[in-house]
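# Structural overview for review
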Amino acid sequence: MLADRRLIAAEGLAKGVAEPAKGRSLWMDAARRFRRNTAAFTSLIVLLTVVAFTLVGPFIARWSIETIDWSVVGSVLSKGMPSIETGHYFGTDEVGRDLYSRVIQGTQVSLMVGMVGSGIAVIVGTLYGATAGYFGGRIDSVMMRFVDILYSIPYMFILILLLIIFGRSFIMLFVGIGLISWLGMARVVRGQTMALKHREFVEAAIATGAKPAAVILRHIVPNLLGIVVVYATLLVPEMILLESFISFLGLGVQEPNTSLGALISEGAQTMQYGTIWQLAFPLFFFVVILFTFFFVGDGLRDALDPKDR
Amino acid sequence: MKNQNLIAAFGLAALLASSALSTGALAAQVPEGTTLAAEQVFKYRVLDNINALDPQIVEDVETSSVVRSLFEGLYNSGADGNPVPGVAESHTVNEDNTVYTFKIRDTAKWSNGDPVTAGDFVYAWQRAVDPATASNYAYFVGLVGVVNADDIVAGTKTPDQLGVKAIDDKTLEVTLSFSSPWFVRSLSHATLFPAPKAVVEQFGIEWTKPENIVGNGAYVLTENTPGERVVAKRNPNYWDNEHTVIEEVQWLTINDENQGLTRWRAGEVDQTDVPAGQYPALKAELPDNTYSVPQFCTYYFSVNMTDKQPNEGLKDVKVREALNLAIDRDVIVNGVLQGGQTPAFSFAHPLTAGYTMPEIPASTMTQADRDAKAVELMTEAGYGKDKPLTINYIYNTSEAHKKIATVVSQMWKEKLGVNMSLADMEFQTLLDTRHSKTYELARNAWCGDYNEASTFISLHDSKSEQNDQGYANADVDKWLAEAKLASDPNPLYAQVEQQVATDVAIMPIYFYAKVFMQSSNVKGWPFDDVEQNWYAKDMYKVAE
Amino acid sequence: MIAFILRRLAVAIPTLLVLIVISFILMKVAPGNPFAGEKSVPQAVLDNIFARYGLDKPAWQQLVEYVYNVVFRFDFGPSFQYRDRTVNDIIAQGFPVTFTYGAWAFLAASLIGIALGVVAAVKQNSWLDYLAVGFTIGAQVVPNFVMAPILVLVFTLWLGWLPGGGWNGGHWSNVVLPVIALATSYLANIARITRSSMLEVLNSNYIRTARAKGLPSHQVIIKHALRPALLPVISYLGPVFVGMVTGSVVIDLYFSTGGIGQAFVNSALNRDYSTILGITILLGALTITANLVVDILYAWIDPKIKL
């Protein structure tokens, strides 16, 4: 059900993107339009800055993610606050670990969760949807019924069960998120494929005797890229939010690793006791990432939708 | 939810070793001249849902506190944890402490007006051990020594063969399988409360619903909504009703302890736990409302001592000792928990009645000496920063456990170069892993069932169900057997503790404290009872 | 239409069966048992308990009996955790609670989200647009579990306006905070879908024509644009509704509302097999129904769609 959220927004541009690629111009047009969209373009810059920060930031960190500053233990409120002097630029957490390093790592993990979630959606969802749409008929019917069935499963609950049973780990988290993310993509792509199937260039390819796999991969999938990119962008924040909820339940990644969701959940525990930095820094990065992804997604949608010119 | 299993205190009776009995029933002791508050409603925060309110089935502390209000046993536990008469007004016992005869007070009534009879106790106790009831606490009746209880649980005897009978409506006779001077102290435990036969048989599992339930306690159940609250109102049919002051008791489920604190500050609850690490600040801010009292539990790491131990390093006693020494308990107690907990080097709680805690060698060293010795031992064992030992530690999901795991892993890493990988699992999985002995090192905690040192020390017995370490030492088993018969078991207990410390089957970390906030108008809380068994009927609220 | 509904129902039943089997297997392979506590229970006692709940039978037999009872007697069995309750009791107690605050949150999120989305679209690229979009995203990206304690701090502790938890039989004052915390988590999605679909409609030829004819702007928007623009919103609302119910986990934990979310997490952690299965089936059925309702609504609004 979560995966469905972005489906509709992406559908909005469906008709637009389904136009066959006319060389480079469509993409260049889109790029120009995207640049003119101040909110989206600024968001993209901010997002790239955050990514750059997670890559460069560790070089100026004075503490690792797990080292405890023993001088802070027991008096985090008075000694663990953000300070250049102690090297804890973002302060420390409740046991005296450096929040700067942990926020960087948390941001990396959260971004990765978002990327992997949408990556799986892109690969599995696109191929599945394109196959169903291309063949149509009974194959399509069976494949999409299967998607419907999966849609009916209360995923959040199954995911909780999986994490409880198989223990928590990066792999389990990615598997769990991957299970959910591709369904919406499959539906969108299928719809587009059905429209594309009867275009001249596809029919021409079929007429020349190309195999179905080749037609799908060479002719259909490239023409779906627009919608796939937009949908994937919009999926990232969903995945990050989902991960934060899982972390809140205590089912996220293992210590000493962390994620923004885990840091926020810990910070929220202590916000009323004065150590507000424990919530503020991770929440700031979380909100910035989600905001920028939302705006970039919207911007891409607008840019790739010719009607919106 | 996160902390649901943090404290595994089970509300078992205070089987205090001292046998002094208070005389006269306890009730709310309101000093003369006190102005009582107009609204006498006590709101108590509970972490988890209140479970089945069936006295013979209840197994957790919080549900027990509700059951104690709705039902009453032969004896209650007083403000200091010593027994005070409840349904029984007195008892006699034979010379070798094996046959107890209780006189049930004539005024004791069920909430529907029926008299409480000896037969109600016979029915309830037989029901507790009856395999058909399938109670988790069925074994408690055998634990306190009632004749044939274990065989009935095992199905080799029938419930009517239980060593309890009604001489007449007001006289109950109990026969024990061994001499027990402190049997009376187990009677305030819910498993041994009476049950209303007619109601149980009429409604089946639904008999504890508010519309069906009949009790003999000071309160009657009016609402039970899991996840939200349980409400009980004063029972006019209770024999000591005239001394009850609190009109209504509410148990409010608040899963998150920080949320509990916020709502306590807003005046929505009268009592709530203090989140780990916040005690000093709260004590400074609200000295009259913030309490820390010793709690009857020990926090420790279990080492897998069986052949199944996957880690070669941990099989070496030198490594275990080095790890044990390198844990800086002061940092954990004063830096992380900060709630009045005390460092532990041995297992049994120091406040256990009649118990003298032995002096474990490590406990007298300074931390610097311990660290130096730890490094020495580790080097002898062939490990060091250039050849690091790797350990897998398992614990269950909870902020407090996570903090302790994190801190210890860093201590070991910095002092001994040990790489400790942390595996956070959910509680049921941890239990299972510990039982199947597939772990290397595991979080553990034990709360005393009764106030005598064997409740802790018998865990070292190789046959103990609770011996998660799989620790087996023939001497220890022998000493424990001898201690059961000894007039002063303390020297034997000390020997066991010393041996366990030498073998490092466990790494004790700290002794618990219960840290809580309580509204200043609430009076009558049993601060002196290590098990904190509270009765709303003994409490009152003053006007402010 | 009838044929469509029947066809969907025909799929729903095997779906639910698959769901039961998957959940059942997951529970069976999970480590731990429902009756274990910190203190070990002697084997004799455990045997009695297992026999009492039929857990001593072979797994396949348990599954068959379970399915039989659910299908033919609508009996989800006794709860293993609450010894005085059946799963039917737990659902009957928790579901109405969740449904109540879920429905209000759904209503609030839909109305506010759609209204803001329409405003944003009509005033595209104005400060109103940015404000509306920014507000809804801001509300959504703050996780529930941060929002909930902040709401309690503000409205309960500082202002003293509303109780910080409890349900109180659904008294309005206990419903407000859960509804705010839950509604905000979907606000942005609804507003943004409305906005984009509204933009598309506003740029379509027939709206341009209507405007060219000189019809007043608000009339064009309400009479001609809103209805088609709502189509994608409606198909999104199905999942939202289900999300509101499953999202109740955080709400129940922070506001002690006693809803179905907490019951689920609790039973999963305690291996209360029968309760987990019961709730999973209930939510599966709810999801299927919500999707079906959405499809029917869709067809009702857009006559071009054939079911």
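Residues numbered from 1 in each chain as written. Chains lettered and ligands numbered in written order. Predicted model: local features only at pLDDT ≥ 70, side-chain atom pairs only at ≥ 80, totals over all residues. Heavy atoms only, no water.

Residue and element names in this part refer to chain C. Mean pLDDT over chain C: 83, with 96% of residues reaching 70 or higher. Mean pLDDT values for the elements of chain C range from 77 in helix H9 (residues 217–246) up to 91 in helix H6 (residues 144–158). This prediction of the complex comes with two scores: 0.85 for pTM and 0.85 for ipTM. (pLDDT = per-residue confidence, 0-100. Helix = DSSP H or I, 4+ residues; strand = E, 2+ residues; numbered from the N terminus.)

Further remarks concern the interface of chain C and chain B. Every contact between the two is made by 50 residues of chain C and, on the other side, 59 residues of chain B. Together, the buried faces of chain C and chain B total about 4,600 Å²; carbon and sulfur atoms form 50% of this surface. In this structure, the connection of chain C to chain B is made through 1 salt bridge. In this structure, Lys209 of chain B engages Asp89 of chain C in a salt bridge whose closest nitrogen and oxygen atoms are separated by 2.8 Å. Put simply, chain C and chain B have 10 residue pairs in polar contact (both at pLDDT 80 or more) between them. For the side of chain C that touches chain B, the secondary-structure elements that each account for two or more residues are helix H2 (43–52), helix H4 (87–122), H6, helix H10 (248–255) and helix H11 (260–269) of chain C. (Contact = heavy atoms within 4.5 Å. Buried area = accessible area lost by both parts, 1.4 Å probe. Salt bridge = Lys/Arg side-chain N within 4 Å of Asp/Glu carboxyl O. Polar contact = N/O pair within 3.5 Å; in protein donor to acceptor, adjacent residues only side chain to side chain.)

Here we come to the packing of helix H1 (residues 2–29) of chain C against helix H3 (residues 59–73) of chain C. Residues and elements named next belong to chain C. Direction vectors running N to C along H1 and H3 enclose 140 degrees, while the axes themselves pass 11 Å from each other. It follows that H1 is oblique to H3 by the angle criterion. Once H1 is placed against H3, the crossing between them reads as right-handed. Taken together, the residues of H3 that come into contact with H1 (itself represented by Leu17, Ile20, Val21, Phe24 and Lys28) are Ala59, Gln62, Leu63, Tyr66 and Val67. Here the residues of the contact of H1 with H3 are counted per class, giving 8 nonpolar, 1 polar and 1 charged. (Axes fitted to C-alpha atoms, helices over the stretch in contact; angles between N-to-C directions. Parallel < 35°, antiparallel > 145°, perpendicular 65-115°, else oblique. Left-handed = near helix turned anticlockwise from the far one by under 90°. Nonpolar A, V, L, I, M, F, W, Y, C, P; charged D, E, K, R; others polar.)

Next up on the list: the sheet that holds strand E6 (residues 164–168) of chain B. Residue and element names in this part refer to chain B. Strand order across the open sheet formed by 4 strands is E4-E5-E7-E6, with antiparallel pairing between neighbours. Sheet topology places strand E4 (88–93) and E6 at the edges, where each strand pairs with a single neighbour. Strand after strand, the sheet turns through a mean of 25 degrees between neighbouring axes, direction not considered. As defined by bridge partners, E6 adjoins strand E7 (residues 171–175) across 4 bridges and the pair is classed as antiparallel. Residue pairing in the sheet places Ala166 in a bridge with Leu172 of E7. (Pairing = 2+ DSSP bridges.)

Let's shift gears to unusual backbone geometry. Here the amide bond leading from Glu255 of chain A into Pro256 of chain A is cis, since omega sits at 0 degrees, within 30 degrees of zero. With respect to the element layout, Pro256 of chain A can be found in the loop between helix H11 (212–248) and helix H12 (260–270). Backbone geometry at Asn97 of chain B places phi at a positive 60 degrees, although glycine is not the residue there. With respect to the helices and strands, Asn97 of chain B occurs in the loop between E4 and strand E5 (99–104). Located in the positive-phi region is Ser256 of chain C, a residue other than glycine, with phi close to 50 degrees. Along the chain, Ser256 of chain C turns up in the loop between H10 and H11.

Residue and element names in this part refer to chain B. Using the criterion set out here, one finds 1 disulfide over all chains in the structure. Through a disulfide, Cys297 is tied to Cys447; the S-S separation comes to 2.1 Å. Residues Cys297 and Cys447 are joined through a disulfide that is right-handed, its torsion about the S-S bond being 100 degrees. Taken together, the residues span a long stretch of sequence, with Cys297 in strand E12 (residues 290–303) and Cys447 in strand E16 (residues 441–447) at a distance of 150 residues. Just as Cys297 is buried, Cys447 falls in that class too. (Disulfide = S-S within 2.5 Å. Buried < 20%, exposed > 50% of the residue type's maximum accessible area, 1.4 Å probe, protein only.)

Counting residues at the interface gives 49 residues for chain A and 53 residues for chain C. With both chains or domains summed, chain A and chain C bury close to 4,600 Å², and 74% of this area falls on carbon and sulfur atoms. Scanning the region where chain A abuts chain C turns up 1 salt bridge. In this structure, the salt-bridge partner of Arg192 of chain C is Asp298 of chain A, at a minimum N-O distance of 2.8 Å. Joining chain A to chain C, the criterion identifies 2 residue pairs in polar contact (both at pLDDT 80 or more). Among the elements of the structure, helix H1 (7–11), helix H7 (137–151), helix H8 (155–166), H11, H12 and helix H13 (277–304) of chain A are those that each provide at least two residues to the side of chain A that touches chain C. Looking at which element gives the most residues to the side of chain A that touches chain C, the answer is H13 of chain A, with 10 residues. Along the lines of polarity and charge, the residues of the side of chain A that touches chain C split into 32 nonpolar, 7 polar and 10 charged.

A few words now on the confidence of the model for chain A. All names here are of chain A. For chain A, per-residue confidence averages 81 on the pLDDT scale, and 90% of positions sit at 70 or higher. Within chain A, no element has a lower average pLDDT than helix H2 (residues 14–17), which sits at 44, and none a higher one than helix H4 (residues 38–56), at 91. Note on residues 1–22: pLDDT is under 50 here. Beyond four places in sequence and across chains, it has 73 contacts.

Looking now at the environment of Pro58 of chain C. Residue and element names in this part refer to chain C. Structurally, the position occupied by Pro58 is in the loop between H2 and H3. Residue classification places Pro58 among the partly exposed positions, given a relative accessible area of 38%. In the structure, Pro58 is positioned 129 residues away from Leu187 in sequence and 48 Å away in space, judged by C-alpha atoms.

On to the nonpolar core. Of all hydrophobic cores here, the largest spans 254 residues; its most connected members are Leu74, Phe102, Trp125, Phe183 and Trp251 of chain B. For this core, the element with the most residues is H11 of chain A, which contributes 18 residues. Not counting residues up to four positions away in its chain, the partners in contact with Leu74 of chain B are Pro85, Gly86, Val87, Ala88, Phe102, Ile104, Phe121, Trp125, Leu172 and Leu187 of chain B. In this structure, Phe345, Ile404, Trp412 and Leu422 of chain B belong to the second largest nonpolar core, which totals 50 residues. (Core = buried A, V, L, I, M, F, W, Y, C linked by side-chain atoms within 4.5 Å.)

According to the relative accessible area criterion, Ser256 of chain C is buried, its value standing at 1%. Within the structure, the side chain of Ser256 of chain C is placed 2.5 Å from the backbone oxygen of Thr253 of chain B, a separation counted as a polar contact. Not counting the four nearest positions on each side in its chain, Ser256 of chain C is found in contact with Gly227, Glu228, Thr253, Ile254 and Arg263 of chain B together with Gly166, Trp167 and Ile251 of chain C.

An α-helix turns once per 3.6 residues; consequently, residues spaced three or four apart project the same way. Residues and elements named next belong to chain A. The end-to-end C-alpha separation of H7 is 21 Å, in line with the 21 Å expected for 15 residues at 1.5 Å each. All of the buried residues in H7 are Asp140, Met143, Met144, Val147, Asp148, Leu150 and Tyr151. Along H7, the residues classed as buried sweep out an arc of 160 degrees about the axis, all on the same side. For H7, the exposed residues set more than 90 degrees away from the buried face come down to Arg138 and Val142. (Expected span 1.5 Å × (residues − 1). Arc of directions from axis to C-beta.)

Residues and elements named next belong to chain B. Of all the 14 residues making up E12, 11 are buried; the element is thus mostly covered by neighbouring parts of the structure. As judged from the 10 bridges shared by E12 and strand E17 (residues 506–518), these two strands associate in the antiparallel manner. Opposite Val293, over in E17, you have Lys514 as the bridge partner. The pairing of E12 with E16 spans 7 bridges and is classified as antiparallel. Across the sheet, residue Val303 finds its bridge partner in E16, namely Leu441.

As a further point, take the pattern of salt bridges. The full count for this structure, using the stated rule, is 35 salt bridges over all chains. A salt bridge links Lys463 of chain B to Asp461 of chain B, with the shortest nitrogen-to-oxygen separation between them at 3.3 Å. For Glu65 of chain C, the salt bridge is made with Lys57 of chain C, and the minimal N-O distance between the two is 3.2 Å. Its relative accessible area of 33% is what places Glu65 of chain C among the partly exposed residues. Residue Lys57 of chain C is classed as partly exposed on the basis of its relative accessible area, which comes to 32%.

All right, on to a nonpolar patch on the surface then. On the surface, a cluster of nonpolar side chains totalling about 480 Å² of accessible area is made up of Leu55, Val56, Phe59 and Ile60 of chain A. The exposed category is assigned to Val56 of chain A, whose relative accessible area is 52%. (Patch = residues over 30% accessible without salt bridge, like charges linked within 9 Å, V, L, I, M, F, W, Y side chains within 5 Å. Areas by Shrake-Rupley, 256 points an atom, 1.4 Å probe, with all protein chains shown as cover.)

Before going further, it helps to spend a moment on helix H6 (residues 99–135) of chain A. Residues and elements named next belong to chain A. If you check H6, its first and last C-alpha atoms are 52 Å apart, about what 37 residues at 1.5 Å a residue would give, namely 54 Å. Of all the bends in H6, the largest measures some 25 degrees and sits at Gly125. One or two positions beyond H6, positive phi appears at Gly136, with a value near 60 degrees. (Bend = angle between axes of the 7 residues up to and from the residue.)

Take the environment of Gly117 of chain A next. Residue and element names in this part refer to chain A. Mapped onto the elements, Gly117 comes out in helix H6. On the basis of relative accessible area, Gly117 is assigned to the buried category, the value being 0%. Along the sequence, Gly117 and Leu173 sit 56 residues apart, while their C-alpha atoms lie 9.7 Å from each other.

What follows concerns the packing of aromatic side chains. What the rule picks out here adds up to 51 aromatic pairs over all chains. Ring centres of Phe53 of chain A and Phe285 of chain A lie 5.5 Å apart, and the angle between their planes is 20 degrees; on these two criteria the pair is classed as stacked. Here Phe285 of chain A lies in helix H13 and Phe53 of chain A lies in helix H4, a separation of 232 residues in the sequence. Take Phe285 of chain A: its relative accessible area is 9%, and that puts it in the buried class. Taking 6.5 Å as the distance between ring centres and 75 degrees as the angle between the ring planes, the aromatic pair formed by Trp125 of chain B and Phe183 of chain B counts as edge-to-face. With Trp125 of chain B in helix H2 (residues 118–129) and Phe183 of chain B in the loop between E7 and helix H5 (197–203), this pair connects stretches of sequence that are 58 residues apart. Comparing Trp125 of chain B with Phe183 of chain B, the two get one shared label, buried. (Phe/Tyr/Trp six-rings, centres within 6.5 Å; stacked < 30°, edge-to-face > 60°.)

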